[in-house]
Amino acid sequence: MHLAKRQRSIDGAAMAQLLLQLPSFLASLVIVAALSQLLLPDMGWLGALLWLASGAMAFHRPTERALARHLLNLRHPTPRELSRLEPLWRAVTARTGVEGLAYELWIEDSDHLNALAAAGHIVGVTRFSLERLSDGQLAAVLAHELGHHVRGHAWSSLLGQWYAVPGRLAWAVVRRLTRFVAAIGHGRMGFWAAVLLLVAGTAVLLVALEYWFVTLTLVAAPYLLAAVTRRAEVRADHHAAAAGFGPMLAEVLHMMQAADRDSGSVTASALSGCGHTAAMGTRTPFRGRGQGLLGRLLSSHPDYHTRLHHLAPYLKQR
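Below is a short write-up of the structure. The written sequence of each chain sets the order in which its residues are numbered from 1. The predicted origin of the model limits local features to residues at a pLDDT of at least 70 and limits the giving and counting of side-chain atom pairs to 80 or more, whereas totals for whole chains, interfaces and linings rest on all residues. Only hydrogens and water are set aside; all other atoms, that is, all heavy atoms of the structure, feed into the side-chain values.

Section: the pattern of salt bridges
Thought 1: The term salt bridge refers to a pairing of a side-chain nitrogen on Lys or Arg with a carboxyl oxygen on Asp or Glu at a separation within 4 Å. Overall, the coordinates contain 12 salt bridges when judged by the stated rule.
Thought 2: Ionic pairing is found between arginine 235 and aspartate 11, a salt bridge with its closest N-O pair at 3.4 Å. Here arginine 235 is found in helix H11 (residues 212-263), whereas its partner aspartate 11 is found in the segment before helix H1 (12-20), with 224 residues between them in sequence.
Thought 3: Partly exposed residues are those whose accessible area sits between 20% and 50% of the maximum for their type, while under 20% is buried and over 50% is exposed, using a 1.4 Å probe and protein chains only. Given the relative accessible area of 21%, arginine 235 is considered partly exposed.
Thought 4: Residue classification places aspartate 11 among the buried positions, given a relative accessible area of 11%.
Thought 5: Connected via shared salt-bridge partners are Arg75, Glu81, Asp109, Asp111, Arg127 and Glu131. Note on conventions: DSSP H or I runs of at least 4 residues are helices, E runs of at least 2 residues are strands, and numbering of each starts at the N terminus.

Quick word on a nonpolar patch on the surface
Thought 1: Exposure above 30% relative accessible area and the absence of a salt bridge qualify a residue for a patch, where like charges join within 9 Å and nonpolar side chains (Val, Leu, Ile, Met, Phe, Trp, Tyr) within 5 Å. The Shrake-Rupley method, run with a 1.4 Å probe, gives the accessible areas here. Residue values count only the displayed protein chains as cover. On the surface, a cluster of nonpolar side chains totalling about 770 Å² of accessible area is made up of Leu35, Leu38, Leu39, Leu40, Met43, Trp45 and Leu49.
Thought 2: Ranked by residues supplied to the nonpolar patch, first place goes to helix H2 (residues 22-39) with 3 residues.
Thought 3: You can call leucine 40 partly exposed: its relative accessible area is 40%.

Describing the packing of aromatic side chains
Thought 1: Note on aromatic pairs: the rings of Phe, Tyr and Trp (six-membered ring only in Trp) are paired at centre separations within 6.5 Å, and the planes decide the class, stacked below 30 degrees, edge-to-face beyond 60, tilted for the rest. Tallied over the full model, the rule gives 5 aromatic pairs.
Thought 2: A ring pair is formed by phenylalanine 25 and tryptophan 51, whose centres lie 5.7 Å apart and whose planes are at 15°; its orientation type is stacked. Of this pair, phenylalanine 25 sits in helix H2 while tryptophan 51 sits in helix H3 (residues 44-53), and the two are 26 residues apart along the sequence.
Thought 3: Tryptophan 51 gets classed as buried once you look at its relative accessible area, which sits at 10%.
Thought 4: Their ring planes at 50° and their centres at 6.2 Å tell us that phenylalanine 59 and tryptophan 155 sit as a pair that is tilted. Pair noted here: phenylalanine 59 is in the loop between H3 and helix H4 (61-71) and tryptophan 155 is in helix H8 (residues 153-162), with a separation of 96 residues, a long-range link.
Thought 5: Among the residues examined, phenylalanine 59 registers a relative accessible area of 34% and is labelled partly exposed.
Thought 6: According to the relative accessible area criterion, tryptophan 155 is buried, its value standing at 16%.

Remarks on the pairing of strand S2 (residues 104-108)
Thought 1: Counting buried positions along S2 gives 5 out of 5 residues, so the element sits mostly inside the fold.
Thought 2: The alternating pattern of S2 places Glu104, Trp106 and Glu108 on one face and Leu105 and Ile107 on the opposite face, and all of these are buried.
Thought 3: Here, a strand pair is defined by DSSP locating no fewer than two bridges between the strands. With 2 bridges connecting them, strand S1 (residues 74-75) and S2 associate as antiparallel partners. Opposite leucine 74, over in S2, you have glutamate 108 as the bridge partner.
Thought 4: Bridge count between S2 and strand S4 (residues 122-126): 5 bridges; the pairing is parallel. What sits directly across from leucine 105, in S4, is valine 123.

Topic: the packing of H2 against H3
Thought 1: Two elements in contact, H2 and H3, have axes separated by 7 Å at closest approach and are oriented at 140°. Classed by the angle they form, the pair H2 and H3 counts as oblique. The two elements H2 and H3 cross, and the hand of that crossing is right-handed. Across from Phe25, Ser28, Leu29, Val32, Ala33, Ser36 and Gln37 in H2, the residues of H3 making contact are Gly44, Gly47, Ala48, Trp51 and Leu52. Note on geometry: axes are lines fitted to C-alpha atoms, helical ones only across the stretch in contact, with angles between N-to-C directions running from 0 to 180 degrees. Orientation labels follow simple angle bins: below 35 degrees gives roughly parallel, above 145 gives roughly antiparallel, 65 to 115 gives roughly perpendicular, and whatever is left gives oblique. Definitions for this section: a left-handed crossing has its near helix turned counterclockwise from the far helix by less than a right angle. A right-handed crossing has that turn clockwise. Throughout, a contact is declared for two residues whenever any of their heavy atoms are within 4.5 Å.

Examining the pairing of S4
Thought 1: In terms of residue burial, S4 counts as a mostly covered element, since 5 of its 5 residues are buried.
Thought 2: In S4, alternate side chains face the same way, and those of Ile122, Gly124 and Thr126 on one face and Val123 and Val125 on the other are all buried.
Thought 3: Here 4 bridges tie strand S3 (residues 115-118) to S4, and the two strands are oriented antiparallel to one another. Its bridge partner lying in S4, alanine 118 is registered against isoleucine 122.
Thought 4: What sits between S3 and S4 in their antiparallel hairpin is a turn of 3 residues, with alanine 119 showing a positive phi close to 50°.

Focus on the environment of alanine 250
Thought 1: By the element assignment, alanine 250 lies in helix H11.
Thought 2: Of the residues examined, alanine 250 reaches a relative accessible area of 4% and is grouped as buried.
Thought 3: If we ignore the near neighbours within four places in the chain, the residues touching alanine 250 are Leu308, Leu311 and Leu315.

Structure, rendered in structure tokens:
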């Protein structure tokens, strides 16, 4: 087994994920700093500093395990499941030069073919995948998820979404207040409620016009992030294929495509890959779900045809 000198890196997709989350991060930083200053006038900087340092928890093993259990609904493999997974994981990490002991294998009790990479060290597969896939196919799926880790997709997605939480909470509060004011408008205070809504709407419009670039970025960010995560899926496929798992990975994609076609459901990988937003965006699944035009634009996964097209060069080498 030859271990690569660099066990982790950050590719263009991971870097783009972080950059696209930058406006949300800055908005969250302002909110956290303001609240810290309000609660601790003499040490307002401390709250912001602690919040910034909290991102390191993405690589803290106990925190990751709590995340896996309580947010991702994963469990440790049984001895029988581990006896199946461990040899395949050793083979995958040996081929790619990665220290396999740095990662933890988890199981999701699901009847769907799927797998995920999360946080800094979590690699999970569904019980269905473990039971139904051949050794080569399961190894290919594990290699794909390992690609998300070594290329920085999993941790960059987690950090980007974690630092956006204060901004999202503030936005949720604003929406609730708006609904409350609108509800008042149906009562005796309708006139003043309408005036308040008009003033607030005008203020928001002026701010949006003044900082149009930031506004445009915030509006377009979900669509740009979806495009970047689709690119990350292709990069993870390349990682698995370059290690020699291309044919087996193609078999898995064909299986998923046939299963969706036979069930009459919408193509899972073609549409919304909500795995990046589930559980605060901490998971990078093998497949995603969604429907409709908006689902396609917000999909975290390319369609099967696109993924198979990018795998084609590796299949011709057989």
